[in-house]
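Summary of the model geometry
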Amino acid sequence: LYSESTPASIWENTINSAIFLDNSHRFKDDPLYGEILARMRMGEDTLADRELINSRVVGSSSSSSPQLQLKLPENAPDACYACSTNKERNGVTAASFKMHIKETHPKIHDSTLPPDHTLIIEASVAYSGDGSQHQKKRKRNRKQHNRNKKVPQTVHDTIIAQLGDADIISSGFATKGTKIEPTLRIYPGSHHMCITNE
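Residues numbered from 1 in each chain as written. Predicted model: local features only at pLDDT ≥ 70, side-chain atom pairs only at ≥ 80, totals over all residues. Heavy atoms only, no water.

Scanning the protein for helices and strands turns up six helices and four strands. Seen in sequence order, the protein has helices and strands lined up from the N terminus as α-α-α-α-β-β-α-β-α-β. Within the protein, the fraction of its 198 residues that count as buried is 17%. In the protein, the proportion of contacts linking residues at least 24 apart, taken out of those at least 6 apart, comes to 37%. Carbon and sulfur atoms form 55% of the exposed surface of the protein, whose accessible area is close to 16,800 Å². (Helix = DSSP H or I, 4+ residues; strand = E, 2+ residues; numbered from the N terminus. Buried < 20%, exposed > 50% of the residue type's maximum accessible area, 1.4 Å probe, protein only. Contact = heavy atoms within 4.5 Å. Areas by Shrake-Rupley, 256 points an atom, 1.4 Å probe, with all protein chains shown as cover.)

Turning our attention to helix α6 (residues 153-162). What α6 keeps buried is the set His156, Ile159 and Ile160. Buried positions in α6, seen along its axis, are confined to an arc of 95 degrees and lie on one side of it. With respect to the buried face of α6, the exposed residues turned more than 90 degrees away are Thr154, Ala161 and Gln162. Elements in contact with the buried residues of α6: β1 (119-122) and β4 (183-186). (Arc of directions from axis to C-beta.)

This next bit is on the pattern of salt bridges. All told, the structure shown has five salt bridges when counted by the stated rule. Between Asp49 and Arg39 there is a salt bridge; the shortest N-O distance is 2.8 Å. On the criterion of sequence distance, the pair formed by Asp49 in helix α3 (residues 47-55) and Arg39 in helix α2 (residues 31-41) is long-range, its members being 10 residues apart. A residue is classified by how much of its surface remains accessible, and Arg39, at 28% relative accessible area, is partly exposed. A salt bridge links Asp45 to Arg50; its shortest N-O distance comes to 2.9 Å. Sharing partners across several salt bridges, the network here consists of Asp45, Arg50 and Glu88. (Salt bridge = Lys/Arg side-chain N within 4 Å of Asp/Glu carboxyl O.)

Residues Leu119, Ile121, Leu184 and Ile186 make up a contiguous nonpolar surface patch of roughly 310 Å² in combined accessible area. Its place among the elements puts Ile186 in strand β4. (Patch = residues over 30% accessible without salt bridge, like charges linked within 9 Å, V, L, I, M, F, W, Y side chains within 5 Å.)

As a general rule, the predicted coordinates of low-pLDDT regions are not to be interpreted in detail. Summary statistics for the protein give a mean pLDDT of 75 and a share of 72% for residues scoring 70 or more. Taken together, the stretch residues 67-73 has pLDDT below 50 and engages in 21 contacts with residues farther than four places along the chain or on a different chain. Here residues 131-140 scores under 50 on pLDDT; set against residues more than four positions off or in separate chains, the count is three contacts. (pLDDT = per-residue confidence, 0-100.)

The next point concerns the packing of aromatic side chains. How two aromatic rings sit relative to each other is set out by the distance from centre to centre and by the angle between their planes. All chains considered together, the criterion is met by two aromatic pairs. For the pair Phe97 and Tyr187, a centre-to-centre distance of 5.5 Å together with 55 degrees between the ring planes defines the contact as tilted. Of this pair, Phe97 sits in helix α4 (residues 86-104) while Tyr187 is found in the segment after β4, placing the two residues 90 residues apart along the sequence. Assigned by exposure class, Phe97 and Tyr187 land together as buried. Residue placement shows Arg185 over the ring face of Phe97; its charged tip is 5.1 Å from the ring centre. (Phe/Tyr/Trp six-rings, centres within 6.5 Å; stacked < 30°, edge-to-face > 60°. Lys NZ or Arg CZ within 6 Å of the ring centre and 35° of its normal.)

On to the side chain of Ser170. Note that Ser170 resides in the loop between α6 and β4. The contact partners of Ser170, leaving out residues within four places of it in the chain, are Thr175, Lys176, Gly177, Thr178 and Ile180.

Topologically, Asp157 is positioned in helix α6. When the C-alpha positions of Asp157 and Glu122 are compared, they lie 9.9 Å apart, and in sequence the two are 35 residues distant. Side-chain polar atoms of Asp157 contact the side chain of Gln153, separated by 2.8 Å. (Polar contact = N/O pair within 3.5 Å; in protein donor to acceptor, adjacent residues only side chain to side chain.)

Structure below.
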């Protein structure tokens, strides 16, 4: 739409009105839930909001409603969490992965080989330049000097082991501000979302 191409210009020039939808029909049967989600979207949710959502988990034995005490599908036991921030979700994900490792993998000094059903893909962590902005160099040397460099191994290990997408933001020109997950952990029962532009 904003490419300034001929088809984009034709499309842009055909839009001559706007319709504003003031009523929310999505939550007409449960307005309280809609209000909670609206607060979560704005980052203004409360502990009571999260506790109410967690009390509605299908399969929760703490729920007072019989229809909410349904059993979870066999292929997804204990699969539900409500997290209002990426940092909170990162904590749940890390705890779930740690539990998976403890339950399915041998201890570190055990000679047994680990199972092949767990895959960890680590990001290649790098930075550009040396941080000194006051150095003046010739243009061709600057180009060569500012190529991405890998961070030291100790920094890499800290990022991989302790940080998540709530902590790391890209500073690259094309991806500036994008949250970056330093590891992808795939194992039986893990949940993933794939996004495509097709």
